[in-house]
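# Summary of structural features
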Amino acid sequence: MDLQRLTIGQMAQLNHISEQTLRLYDREGLLKAQEVDPESGYRYYHILQSARIDLIQNMKRYGLTLKQIKDMLENDDADVIRQKLEKQSKDIEDRLQQLTRVKSSLNRVLDNYKRYEALPKNEQIFLEYQSERQIYSCECEQDFFEQDEAGYEYMLRQLKQHLVSHDIPLSLFCNIGTIIRKENLKLGRLTSKEVFLFVDERMDIKDCEKVPSATYVCMCSGDFSREAENVRTLLTYIDDMGYQIVGDYLCEAIIDFPVLEEKKRHIFSKIQIPVIL
């Protein structure tokens with residue numbers, strides 16, 4: 001094997017890449033053959049050109065495009081190359097953080113499916129202890145209990161716009177719910193202009209609110225139109241049992257089922273009121 005006049009096949013084999021890759025590098029101006037036979041068109045490479053292949057392959061592993069690699073090679077300035085690699089490192093870190101948030105949201109959705117399977121159905125009343133949680137809420141123009149499904153959908157649009165304008169990741173846009181504050185709840189006033197979502201405490205989101213650990217009187221339902229009636233049922237139960245309300249009412253969307261033929265959203269939700277037994 002003549003190391004100063006390697007065929008494209010030999011050069012590809014020595015560098016563990018394909019002949020097509022070498023042809024691509026040629027077309028993109030990243031690596032030209034040392035010699036091209038004018039009659040046959042065969043390409044020949046020098047073994048020392050392997051160093052440039054190594055550099056290109058390493059840059060590809062770092063996630064750089066061929067165009068970015070070409071710009072770096074043409075610049076031939078170590079300081080510029082360092083700056084571009086530092087930027088690439090930061091971009092990768094940003095993507096990793098985004099993927100971590102997406103994975104967290106995905107795991108939460110999967111956990112919700114498990115919760116859905118385990119939770120009582122058919123609007124049964126049950127008690128459940130919840131450890132401390134963290135929520136982020138947004139005030140809307142409308143009162144949830146004065147709206148139909150379309151009005152609620154518009155409230156969700158307002159929440160989404162609020163997240164975007166405050167640079168909060170949309171990956172959090174799940175497990176959304178509504179709040180009736182304790183002072184209204186104790187008076188039996190069903191009013192809520194707030195929508196909320198749960199936030200992992202490890203996320204650096206400002207203006208979050210702590211929901212203290214407590215025992216909750218709960219009920220699950222898949223019927224959006226019955227929420228007000230179900231809240232009154234829980235309030236009556238709490239009064240009959242002699243319990244004391246100690247916090248805000250939360251309605252949490254556990255599962256948002258896929259929208260198929262129907263236009264409206266199909267939600268399985270859990271309403272919950274913290275009490276002292």
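Above this note sits the structure.
Described below are features of the structure shown in this document. (Residues numbered from 1 in each chain as written. Predicted model: local features only at pLDDT ≥ 70, side-chain atom pairs only at ≥ 80, totals over all residues. Heavy atoms only, no water.)

Along the protein chain, the regular secondary structure elements total eight helices and twelve strands. A compact globule built from 277 residues would reach a C-alpha radius of gyration of about 19 Å, whereas the protein chain, at 30 Å, exceeds it by more than 25%. Along the first, second and third principal axes, the C-alpha atoms of the protein chain reach 95 × 40 × 30 Å. For the protein chain, buried positions account for 40% of its 277 residues. For the protein chain, restricting intrachain contacts to residue pairs at least 6 apart in sequence, the fraction spanning at least 24 positions comes to 68%. (Helix = DSSP H or I, 4+ residues; strand = E, 2+ residues; numbered from the N terminus. Rg over C-alpha atoms; globule rule 2.2 N^0.38 Å. Buried < 20%, exposed > 50% of the residue type's maximum accessible area, 1.4 Å probe, protein only. Contact = heavy atoms within 4.5 Å.)

Let's shift gears to the sheet that holds strand S1 (residues 6–7). Strand order in this open sheet of three strands is S1-S3-S2, and the pairing throughout is antiparallel. At either end of the open sheet lies a strand with only one pairing partner, and these are S1 and strand S2 (35–36). Two elements, S1 and strand S3 (residues 43–45), share two bridges in a ladder whose sense is antiparallel. Of the residues in S3, the one forming a bridge with Leu6 is Tyr45. (Pairing = 2+ DSSP bridges.)

Attention shifts here to a nonpolar patch on the surface. A cluster of nonpolar residues, Met1, Leu3 and Leu14, forms a patch on the protein surface that exposes about 300 Å² of accessible area. Within the fold, Leu3 resides in the segment before S1. Exposure remark for Leu3: the relative accessible area of 42% places this residue in the partly exposed category. (Patch = residues over 30% accessible without salt bridge, like charges linked within 9 Å, V, L, I, M, F, W, Y side chains within 5 Å. Areas by Shrake-Rupley, 256 points an atom, 1.4 Å probe, with all protein chains shown as cover. Salt bridge = Lys/Arg side-chain N within 4 Å of Asp/Glu carboxyl O.)

What follows deals with the packing of aromatic side chains. As enumerated under the stated definition, the model contains seven aromatic pairs in all. Arranged with centres 5.5 Å apart and planes meeting at 75°, the rings of Phe144 and Phe224 form a pair that is edge-to-face. Taken together, the residues Phe144 in the loop between strand S5 (133–139) and helix H6 (149–165) and Phe224 in the loop between strand S9 (214–221) and helix H8 (227–241) connect sequence positions 80 residues apart. Given the relative accessible area of 5%, Phe144 is considered buried. Given the relative accessible area of 26%, Phe224 is considered partly exposed. On the basis of an interplanar angle of 90° and a centroid distance of 5.2 Å, the ring pair of Phe196 and Phe198 is categorised as edge-to-face. Owing to a relative accessible area of 0%, Phe196 belongs among the buried residues under this scheme. Linked through ring pairs, Phe144, Phe145, Tyr152 and Phe224 together constitute an aromatic cluster. The cationic tip of Arg5 hangs over the ring face of Tyr44; the distance from NZ or CZ to the ring centre is 3.8 Å. (Phe/Tyr/Trp six-rings, centres within 6.5 Å; stacked < 30°, edge-to-face > 60°. Lys NZ or Arg CZ within 6 Å of the ring centre and 35° of its normal.)

Here we take up the pairing of S9. Along S9, seven of the eight residues are buried, which leaves the element largely enclosed by surrounding structure. As paired strands, strand S4 (residues 125–130) and S9 are joined by six bridges and run antiparallel to one another. When the sheet's bridge partners are listed, Glu128 is paired in S9 with Tyr216. Two strands pair when backbone bridges link them, and S9 and strand S12 (residues 266–276) are joined in this way by seven bridges, in the antiparallel orientation. Pairing of Cys220 across the sheet is with Lys270, part of S12.

Another point: unusual backbone geometry. If you check the backbone angles, Asp167 has positive phi at about 55° while not being a glycine. Here Asp167 lies in the loop between H6 and strand S6 (176–180).

Glancing now at the nonpolar core. Of all hydrophobic cores here, the largest spans 37 residues; its most connected members are Leu159, Leu185, Leu197, Val231, Tyr249 and Ile273. Put simply, the parts of the chain that give this core at least two residues each are S5, H6, S6, strand S7 (194–198), S9, H8, strand S11 (249–257) and S12. Setting aside residues no more than four positions away along its own chain, Leu185 makes contact with Ile180, Val231, Leu235, Ile245, Gly247, Tyr249 and Ile273. Among the nonpolar cores identified, the runner-up in size contains 18 residues, and Leu6, Ala12, Ile17 and Ile53 belong to it. (Core = buried A, V, L, I, M, F, W, Y, C linked by side-chain atoms within 4.5 Å.)

Take helix H3 (residues 50–61) next. If you check H3, its first and last C-alpha atoms are 16 Å apart, about what twelve residues at 1.5 Å a residue would give, namely 16 Å. If you follow the buried residues of H3, they end up packed against helix H1 (8–14), helix H2 (19–27), helix H4 (66–75) and helix H5 (78–118). Once H3 ends, the next one or two residues include Gly63, with phi positive near 95°. (Expected span 1.5 Å × (residues − 1).)

Attention shifts here to the packing of H3 against H4. Packed helix pairs are specified by the crossing angle of their axes together with the interaxial distance, meaning the distance between the axes. Look at H3 against H4: their axes get within 10 Å of each other, and the N-to-C directions meet at 130°. Taken as axis vectors, H3 and H4 run oblique relative to one another. In terms of crossing hand, the pair formed by H3 and H4 is right-handed. Contacts between H3 and H4 involve Arg52, Leu55, Ile56, Met59 and Lys60 on the former and, on the latter, Leu66, Ile69, Met72 and Leu73. The residue makeup of the contact of H3 with H4, split by class, is seven nonpolar, no polar and two charged. (Axes fitted to C-alpha atoms, helices over the stretch in contact; angles between N-to-C directions. Parallel < 35°, antiparallel > 145°, perpendicular 65-115°, else oblique. Left-handed = near helix turned anticlockwise from the far one by under 90°. Nonpolar A, V, L, I, M, F, W, Y, C, P; charged D, E, K, R; others polar.)

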